[in-house]
Structure formats: structure tokens, C-alpha cells
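Chain by chain, the residues:
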Amino acid sequence: MDHDNPISIHGKGPTLAKLAVQESEGHWPVPEGTVLAPLWKRISAYILDTTVVMGILLIATGSWIAYAWSLGALIGPEWYFVLINWALILGSNYLYHKYTVHSMGRSLGQRWFGLAVVREDGEPLQRLDCGKRSISKLRYLIPMFNLYFLLIDGRHIRRRHTHQSSIDLACASIVVVANSLPPAKRHSLR
């Protein structure tokens, strides 16, 4: 009596139930038991990260960074000062997100909320992918356009079974609850 039983107690290969789920959702190499991060935690972590970076810039520049949002200065003779401030804001955020994710497997805000950024198979993100991810996140900083990008990516995260934003898809990453990763996949998280 050799037939495929949908329930396996011996753990030999995939069961019919696993094959059915895999077929309906497509190929998904995430380690079993991994929990994908909810949207509210991702947004909260990003807000916390942006607050930290802007706070450091505010202290480091003696509050001169606030001129980045001055429309009067943009129209006046000191327009270049606004551009320098925006270059500082964008550059600092890029470097922060790239190197925190590369070195710790997550940003400080993501660490606070117990999240991690990994490849789709649960392995750490490579430096090149961290750079792509960081440069794409800069669009969330541009006033007026950021709301559009946040709404679009929020909708993607909510609707996709993988909870991936367009940024995640571009670099084949996922944001997960860190403690749900198998212990062997957590070695690069700090």
C-alpha cells in the first residue's frame, strides 16, 4: 500500500498539503516557521530610523539642517544652502541604512521592533543588495512624493503573500520577525 498520504508523520519529503500550498503561492524559499514582518512594525521602524538620523544631523549641524525645508531660502540667494542640506540628509540616510543592514542585518529601528532584513532564503543580504535597498529608500524622504511611494509600497506589502514592497522585490529581500528565523540563519544578526 504505497500511496501519497497528505499527512506525513515520518517527515519524508513534501506532502500533498505542502505541494498544494507551494503551488498556490509559487516558489517560496523562506525557512519554515519564519514570520514576515507586519506593515505597522516596518513603518514604525522606519520612522524611528529617520528620527535618529535627523536628530544626529540636527545636533551635528547646530540646527542648520532645518533649512532644507525652507522654501524662502530655496527661492532666495542662499538656494545652494538648501541643496547642501538635502545632500547631507540623503547621504546620511543612505549610509545609515546601507551599513546598519549590512553589518547588523537590520537597522536600529528594526532591531528595536525585533525585525531583520534577509534574502528570500533567510541568508544575510549582500553589500550590493544593501546599497540597492538603501538608495531606493531615499524616495521616502522626498516631500510630497513620499506619501505616494508609502501608499504604493504599503499596498504591496499588504496584498502580497510575501509582504514584499517594491524595494524588497528589487533586491530579493524580505523583512521578518528576527526571532522566527531558524537559529542557523540568525548568526549574522546583531
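Preceding this section is the structure that the text describes.
What you see is a predicted model; the values in this text were computed from it and never measured.

A.B. asks: Looking at this structure, how should I read the overall build of the protein?
C.D. replies: Of regular secondary structure, the protein possesses 8 helices and 2 strands. The buried share among the 190 residues of the protein stands at 37%. Intrachain contacts of the protein at a sequence separation of at least 6 include 66% that bridge at least 24 residues.

A.B. asks: Mind showing me how you'd approach the packing of aromatic side chains here?
C.D. replies: Any two aromatic rings considered together are summarised by their centre-to-centre distance and by the angle between their planes. In this structure the tally under the stated criterion is 7 aromatic pairs. With a centroid separation of 5.5 Å and 85° between ring planes, the pair formed by tryptophan 64 and phenylalanine 81 is classed as edge-to-face. Of the two residues, tryptophan 64 is situated in the loop between helix H2 (39-60) and helix H3 (71-75) and phenylalanine 81 in helix H4 (residues 79-104); the sequence distance between them amounts to 17 residues. Judged by its relative accessible area of 23%, phenylalanine 81 is partly exposed. Consider the rings of tryptophan 79 and tyrosine 80, whose centres lie 6.3 Å apart with planes at 85°: the pair is edge-to-face. Residue class for tryptophan 79 comes out partly exposed when judged on its relative accessible area of 46%. These aromatic residues form a ring-pair network of at least three members: Trp64, Tyr67 and Phe81.

A.B. asks: It is not clear to me how the pairing of strand S1 (residues 115-119) should be interpreted in this structure. Could you clarify?
C.D. replies: The two faces of the sheet receive side chains in turn, since in a regular strand these alternate between them. By the criterion of burial, S1 is predominantly enclosed, with 4 of the 5 residues buried. In terms of strand pairing, S1 meets strand S2 (residues 173-177) through 5 bridges, oriented antiparallel. Residue pairing across strands places valine 118 opposite isoleucine 174, the latter belonging to S2.

A.B. asks: Can you help me understand unusual backbone geometry in this one?
C.D. replies: Negative phi characterises most residues that are not glycine, and trans characterises most peptide bonds. Positioned with a positive phi, methionine 144 is a non-glycine residue whose angle comes to about 75°. The topology assignment puts methionine 144 in the loop between helix H6 (127-137) and helix H7 (145-159). Note on methionine 144: relative accessible area 72%, which makes it exposed. Even without a glycine there, the phi angle at alanine 172 is positive, about 55°. Topologically, alanine 172 is positioned in the loop between helix H8 (166-171) and S2. We classify alanine 172 as partly exposed; its relative accessible area is 32%.

A.B. asks: Would you take a moment to explain the side chain of serine 165 for this structure?
C.D. replies: Of note, serine 165 is situated in the loop between H7 and H8. In this view, serine 165 contacts Arg42, Asp153, His156, Ile157 and Arg160; residues no more than four positions away in its chain are not counted.

A.B. asks: Got a minute to help me understand H7 in this structure?
C.D. replies: Helix length check: H7 (15 residues) gives 22 Å between terminal C-alpha atoms against 21 Å at 1.5 Å per residue, within 8%. Within H7, burial applies to Asn146, Asp153, Gly154 and Ile157. Projected onto a plane normal to the axis of H7, the buried residues spread over an arc of 110° and lie on a single side. In H7, the exposed residues that point more than 90 degrees away from the buried face are Phe145, Leu147, Tyr148, Leu151 and Arg159. Those residues of H7 hidden inside the fold are in contact with H2 and H8.

A.B. asks: I tried to follow the pattern of salt bridges on my own but got confused; where do I start?
C.D. replies: Opposite charge on two side chains allows them to pair when their charged atoms are near. This structure, assessed with the given rule, holds 5 salt bridges. Between arginine 119 and aspartate 121 there is a salt bridge, with its nearest N and O atoms 2.8 Å apart. Residue arginine 119 is classed as partly exposed on the basis of its relative accessible area of 25%. What makes aspartate 121 partly exposed here is its relative accessible area of 26%.

Definitions and limits used
Residues numbered from 1 in each chain as written. Predicted model: local features only at pLDDT ≥ 70, side-chain atom pairs only at ≥ 80, totals over all residues. Heavy atoms only, no water. Helix = DSSP H or I, 4+ residues; strand = E, 2+ residues; numbered from the N terminus. Buried < 20%, exposed > 50% of the residue type's maximum accessible area, 1.4 Å probe, protein only. Contact = heavy atoms within 4.5 Å. Phe/Tyr/Trp six-rings, centres within 6.5 Å; stacked < 30°, edge-to-face > 60°. Pairing = 2+ DSSP bridges. Expected span 1.5 Å × (residues − 1). Arc of directions from axis to C-beta. Salt bridge = Lys/Arg side-chain N within 4 Å of Asp/Glu carboxyl O.

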